[in-house]
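These are the residues of each chain, in order.
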Amino acid sequence: MKFEELKALYDLPLFDLIKKSREVHDANWKDNEIQLCTLLSIKTGGCSEDCSYCAQSARYKSGVESEKLMEKEAVMERARVAAASGSTRFCMGAAWKGVRSGTKRFDQVVEIIEDVSELGMEVCVTLGEVGPAEAVRLKKAGVTAYNHNVDTSREHYPNVVTSHSYDDRLQTIKNVQDAGMAVCCGGILGLGETADDRLKMIETISELNPQPESVPINSLMPMPGTPLGDSDPVTIFDVIRMIAISRIAVPKAKVRLSAGRTQISEEGQAMCFFAGANSIFYGDKLLTAKNPSVQKDLDLIDKLGLSTRKPDPNMEIPKATCDKEASPCCG
């Protein structure tokens, strides 16, 4: 969808926007299921990047200590717990700029992925930048989806990150798509952006061809010691609007209500689900940030009469559907 179309939707009265997004949701997702995803930081802190929202950057005094890559058995233990608690997808994140073939840490990560993929859950990783060869190897190891958010608009991005470019992120997405993995791509609200920046971000995401399999919508959780540590919180109405816009713009994607749910009431989360969210991160911690407890989430899903989605590690990934170039266009 183009910016002008998204802007017209965004400017509607909230209930009119939600009515439209609910119609799109019901046309594409008739099951009233919520996908439960567990996120684990397998390598925390010490990142060379300067993402101004991230407590894991080595450039900031956030109190997050650099840790080495977790041992495989420690990751497997957490993955087994996630599977036993009903998680559909196990997501593993590592705080580094990227991975390269021929390095010990990449070989170790591949071994972890291979073992986790045998547990019956979908496997997602976010490892920073990956090249074509690395993407192919990750696919062969059993990765279902690769997360690489664009975060915000192209115009606002240099105000948030300078250690890599917007096109660097799009190139990784292209490599992931070319390797046959599904793409998980969303953004963060509360980075000092305008409403137009948010809509331009969704424009970029919606124009990926094929479109992403999932779109996480995060609300900034300000981390002390980072440049954005004193940012004002995002309002629930901002979140609901962006969930609704995302649902309309990427109708067949799972729209994930991601970071920031500790700041949202049960009523607010219910509105997000009604507006089109059908996926959450599930577990007491998201990388370095807090998250609602497992039981609290299960109780809310039960109160709303929803059900939980079963894992589909062999899911069919989105296909390009038009004669447009079947990958992001850089620059």
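A quick note: this is a predicted structure, and the numbers were derived from the prediction, not measured.

1. Section: helix H4 (residues 104-116)
With 13 residues, H4 extends 19 Å between its outermost C-alpha atoms, agreeing within 8% with the 18 Å of an ideal straight helix rising 1.5 Å per residue. Those residues of H4 hidden inside the fold are in contact with strand E1 (33-43), helix H3 (72-84), strand E2 (89-94), strand E3 (122-126) and helix H5 (132-141).

2. A closer look at the packing of helix H7 (residues 195-206) against helix H8 (residues 236-249)
Following both chains from N to C, one finds H7 and H8 inclined at 25°, their axes separated by 10 Å at the closest point. Comparing the axis directions of H7 and H8 gives the class roughly parallel. Regarding H7 and H8, the two cross each other, and that crossing is right-handed. Between H7, through Arg198, Leu199, Ile202 and Ser206, and H8, the contact on the second element is made entirely by Asp238, Met242, Ile245, Ser246 and Ala249. Looking at the contact of H7 with H8 residue by residue, the class counts come to five nonpolar, two polar and two charged.

3. Some details on the packing of H8 against helix H9 (residues 266-275)
At their nearest, the axes of H8 and H9 sit 8 Å apart, and the two run at 20° to each other. Put simply, H8 runs roughly parallel to H9. As for how H8 packs across H9, the hand of that crossing is right-handed. The residues of H9 that touch H8, namely those facing Ile236, Val239, Ile240, Ile243, Ala244 and Arg247, are Gly268, Met271, Cys272 and Ala275. The residue inventory of the contact of H8 with H9, partitioned by class, reads eight nonpolar, one polar and one charged.

4. What to know about the state of the cysteines
Under the definition given, this model contains zero disulfides. Its sulfur unpaired, Cys91 is 4.0 Å from the next cysteine sulfur, which belongs to Cys124. Using a relative accessible area of 3% as the deciding quantity, one classes Cys91 as buried. Unpaired in this structure, Cys185 has its nearest cysteine sulfur neighbour in Cys184, at a distance of 7.7 Å.

5. Things to note about the environment of Leu17
Mapped onto the secondary structure, Leu17 falls in helix H2 (residues 14-28). Taking relative accessible area as the criterion, Leu17 reaches 0% and is therefore assigned buried. C-alpha separation for the pair Leu17 and Ile240, spaced 223 residues apart in sequence, amounts to 9.7 Å. The residues touching Leu17, leaving out its near neighbours within four places in the chain, are Leu9, Leu12, Arg241, Ala244, Ile245 and Ile248.

6. Observations concerning the side chain of Asn149
The residue Asn149 is located in the loop between strand E4 (145-147) and helix H6 (166-178) in this model. According to the relative accessible area criterion, Asn149 is buried, its value standing at 12%. Engagement of the side chain of Asn149 in a polar contact is seen with the backbone nitrogen of Gly186, the distance being 2.9 Å. Beyond its immediate chain neighbours, meaning those up to four positions away, Asn149 contacts Arg169, Cys184, Cys185, Gly186, Gly187, Pro216 and Asn218.

7. Section: the pairing of E3
Counting buried positions along E3 yields four of five residues, so the element is predominantly enclosed. Judged from the five bridges that link them, E2 and E3 form a sheet pairing that is parallel. Bridging across to E3, Arg89 finds its partner in Glu122. Taking the sense of rotation as the criterion, the β-α-β connection linking E2, H4 and E3 turns out right-handed. With two bridges connecting them, E3 and E4 associate as parallel partners. Its bridge partner lying in E4, Cys124 is registered against Ala145. Between the parallel pair E3 and E4, the chain is carried across by H5, and the sense of this crossover is right-handed.

What counts as what
- Residues numbered from 1 in each chain as written.
- Predicted model: local features only at pLDDT ≥ 70, side-chain atom pairs only at ≥ 80, totals over all residues.
- Heavy atoms only, no water.
- Helix = DSSP H or I, 4+ residues; strand = E, 2+ residues; numbered from the N terminus.
- Expected span 1.5 Å × (residues − 1).
- Contact = heavy atoms within 4.5 Å.
- Axes fitted to C-alpha atoms, helices over the stretch in contact; angles between N-to-C directions.
- Parallel < 35°, antiparallel > 145°, perpendicular 65-115°, else oblique.
- Left-handed = near helix turned anticlockwise from the far one by under 90°.
- Nonpolar A, V, L, I, M, F, W, Y, C, P; charged D, E, K, R; others polar.
- Disulfide = S-S within 2.5 Å.
- Buried < 20%, exposed > 50% of the residue type's maximum accessible area, 1.4 Å probe, protein only.
- Polar contact = N/O pair within 3.5 Å; in protein donor to acceptor, adjacent residues only side chain to side chain.
- Pairing = 2+ DSSP bridges.
- Right-handed = clockwise from strand over helix to strand, strands pointing away.

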